[in-house]
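Per-entry structural report
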Amino acid sequence: MNIPDTIIGLSNEEYHRGEEFREYLSSTQIKDYVISPKYARYKRLHPEQFQIGAEASEKGSLYHDYLESLVNTGSSEGFYKLFAVFDPPVNPRTGSPFGFGTKAYDEAKDFFQMQNEGKRLVSQTDVILVEKMAYELLNNCRSTSKSIREIIKWGKAEISHFVEYEGVKFKYRPDVETAKKIVDWKSVAVDDLHDDTINKVILKFKYHISAAFYQFMEHERSGVWKDFFWVFQQKSAPYDAVLVSAANWAYSQEDGIVKMGSGAHIFAKLLEQHVYCTKNQDFDGAQIFIKPEFKGR
């Protein structure tokens, strides 16, 4: 099957787990080569062993889905068509709702899902949370809010792209893209959004490597070096947000010269490693990072 370089309307589930797209490497997967090619290969072959908790995954995707609706339709109307609000039954002994993953919770959820076929189930609490976050993001963060409104006005969300580089396949799906920018939404559990805090978050989750991946692959596809930005927003009140440029971390241009930050340098090495491993079907372990007989050890 020939995959076009751009697909609009491809579902998130199909993009990540569709059989015809599995041979395409994502920005998340290339970062696994930091551990070792062997680890990266194993994780791709056994994704079910590395899934994050269902509850955490649902909360994160809900935030992105809400913003996707705002970007692509100008309102949240499309968001509400996709979901049905599920309120778990109350435990009569405690007076509190049954917890996530309990038998009573799962049975009630399965029954409610049957009544709302084709819709994803969400809690009222989570819906209220993303509504509050989106409102603060768009209205109460001064110049950041103004920039976000401009991005939403001109951007398109969750368009899937597929690229071949040196005969090896890659995929990427920006949260938002415009003619000159790529923007990534990041909801974070931090008390402050100062430089040192944001820098620690970027390094911890290797966001700088992902940014470089997106920029490089977009240039391969379109010939354009786009500026990359993160929007970091708190997941708890007051839901503050900042717009952060990745110019010092990933790729940037100055007077027509493309410059590489630390994330771009790391990405370039990981890209070279993945291309070699894929072409040679040689996925070695952590020993590739150690010189033979290093210091006699």
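Further up the page is the structure itself.
This write-up is about the structure you can find in this document. Everything quoted here is computed from the prediction, not taken from an experiment. Per chain, residues are indexed from 1 in the order of the written sequence. The predicted nature of this model means local features are confined to residues of pLDDT at least 70 and side-chain atom pairs, given and counted, to a pLDDT of 80 or more, with totals for whole chains, interfaces and linings taken over all residues. The side-chain figures draw on all heavy atoms in the structure; neither hydrogens nor water molecules are used.

**Comments concerning the overall build of the protein**
Across its full length, the protein carries 11 helices and 12 strands. For the protein, the C-alpha radius of gyration of 21 Å lies close to 19 Å, the compact-globule estimate for 297 residues. Taking the principal axes of the C-alpha coordinates as reference, the protein spans close to 65 × 45 × 45 Å. Categorising residues by exposure relies on relative accessible area from a 1.4 Å probe, with only protein chains included: less than 20% of the type maximum marks a residue as buried, more than 50% marks it as exposed, and the intermediate range marks it as partly exposed. The buried share of the protein, taken over its 297 residues, is 41%. When the accessible surface of the protein is totalled, it reaches about 17,100 Å², and 51% of it is carbon and sulfur. Positive charges come from Lys and Arg alone, negative charges from Asp and Glu alone, with His and the N- and C-terminal ends not counted. Taken as the charge location is NZ of Lys, CZ of Arg, CG of Asp or CD of Glu. Positive and negative charge centroids in the protein, built from 38 and 42 side chains respectively, lie 3 Å apart. In DSSP terms, a helix is any run of H or I states spanning at least four residues, a strand is any run of E spanning at least two, and both are numbered starting from the N terminus. The globule rule used here is 2.2 Å times the number of residues to the 0.38 power, and the radius of gyration it is set against is calculated over C-alpha atoms. Only the protein chains shown count as covering a residue, and every accessible area follows the Shrake-Rupley method with a 1.4 Å probe.

**Some details on the sheet that holds strand β4 (residues 156–157)**
By the convention used here, strands pair only if DSSP detects at least 2 bridges between them. Ordered in space as β4-β7-β8-β9-β10, the 5 strands form an open sheet in which the pairing is mixed. Of all strands in the sheet, those with a lone pairing partner are β4 and β10 (241–245), marking the two edges. Examined bridge by bridge, strand β8 (residues 181–188) and strand β9 (residues 227–234) share 8 bridges and lie parallel to one another. Bridge assignment links Trp-185 to a residue of β9, and that residue is Val-231. Where helix α9 (residues 195–204) meets the sheet, it contacts β8, β9 and β10, and its direction lies at approximately 110° from that of β9. Working rule for contacts: check all heavy atoms of both residues, and any pair within 4.5 Å makes them a contact. All axes are obtained by fitting lines to C-alpha atoms, using only the stretch in contact for helices, and the reported angles, taken between N-to-C directions, cover 0 to 180 degrees. Where helix α10 (residues 207–222) meets the sheet, its contacts fall on β7 (176–177), β8 and β9, and the angle it forms with β9 comes to roughly 145°.

**Considering the packing of aromatic side chains**
For any pair of aromatic rings, geometry is given as the distance between the ring centres together with the angle between the planes. Aromatic pairs are defined between Phe, Tyr and Trp rings, using the six-membered ring for Trp, whenever the two ring centres lie within 6.5 Å; interplanar angles under 30 degrees are classed as stacked, those over 60 as edge-to-face, and all others as tilted. Summed over the entire model, instances satisfying the criterion amount to 25 aromatic pairs. Arranged with centres 5.5 Å apart and planes meeting at 45°, the rings of Phe-86 and Phe-112 form a pair that is tilted. Here Phe-86 is found in the loop between β2 (83–85) and α6 (103–115), whereas its partner Phe-112 is found in helix α6, with 26 residues between them in sequence. For the ring pair Tyr-172 and Tyr-214, a centre distance of 6.1 Å and an interplane angle of 75° mean the geometry is edge-to-face. Placement of the pair is Tyr-172 in strand β6 (residues 168–172) and Tyr-214 in helix α10, with a sequence separation of 42 residues. Take Tyr-172 and Tyr-214: they sit in the same class, and that class is buried.

**Brief notes about the pattern of salt bridges**
Whenever a carboxyl oxygen of Asp or Glu lies within 4 Å of a side-chain nitrogen of Lys or Arg, that contact is scored as a salt bridge. All chains considered together, the criterion is met by 12 salt bridges. The salt bridge involving Lys-226 is made with Glu-177; its shortest N-O contact spans 4.0 Å. Linking Lys-226 in the loop between α10 and β9 with Glu-177 in strand β7, this pair joins segments that are 49 residues apart in sequence. On the basis of relative accessibility, which here comes to 8%, the residue Glu-177 falls in the buried class. Lys-186 is the partner of Asp-184 in a salt bridge, and the nearest nitrogen-oxygen pair spans 3.1 Å. Across the pair, exposure class does not vary: Asp-184 and Lys-186 are buried alike. Three or more residues are tied together by salt bridges with common partners; here these are Glu-177, Glu-218, Arg-221 and Lys-226.

**Regarding the sheet that holds strand β1 (residues 6–7)**
Taken together, the 3 strands give an open sheet; going across it, the order is β1-β5-β6, and neighbouring strands pair in antiparallel fashion. Looking at the sheet topology across the chains shown, the edges are occupied by β1 and β6. Sheet topology places strand β5 (residues 160–165) next to β6; 5 bridges connect them, and they run antiparallel. Residue Val-163 lies in a different strand from β6, and its bridge partner there is Phe-170. Lying on the sheet, α10 is in contact with β1, β5 and β6; it crosses β6 at an angle near 115°. Packing against the sheet, helix α11 (residues 262–280) makes contact with β5 and β6, and its axis sits at approximately 135° to β6.

**Observations regarding the pairing of strand β12 (residues 257–260)**
As paired strands, strand β11 (residues 251–254) and β12 are joined by 4 bridges and run antiparallel to one another. Among the inter-strand pairings, Glu-254 is bridged to a residue of β12, identified as Ile-257. A loop of 2 residues connects β11 with β12, the two strands running antiparallel in sequence, and Asp-255 in this loop sits at a positive phi of about 55°.

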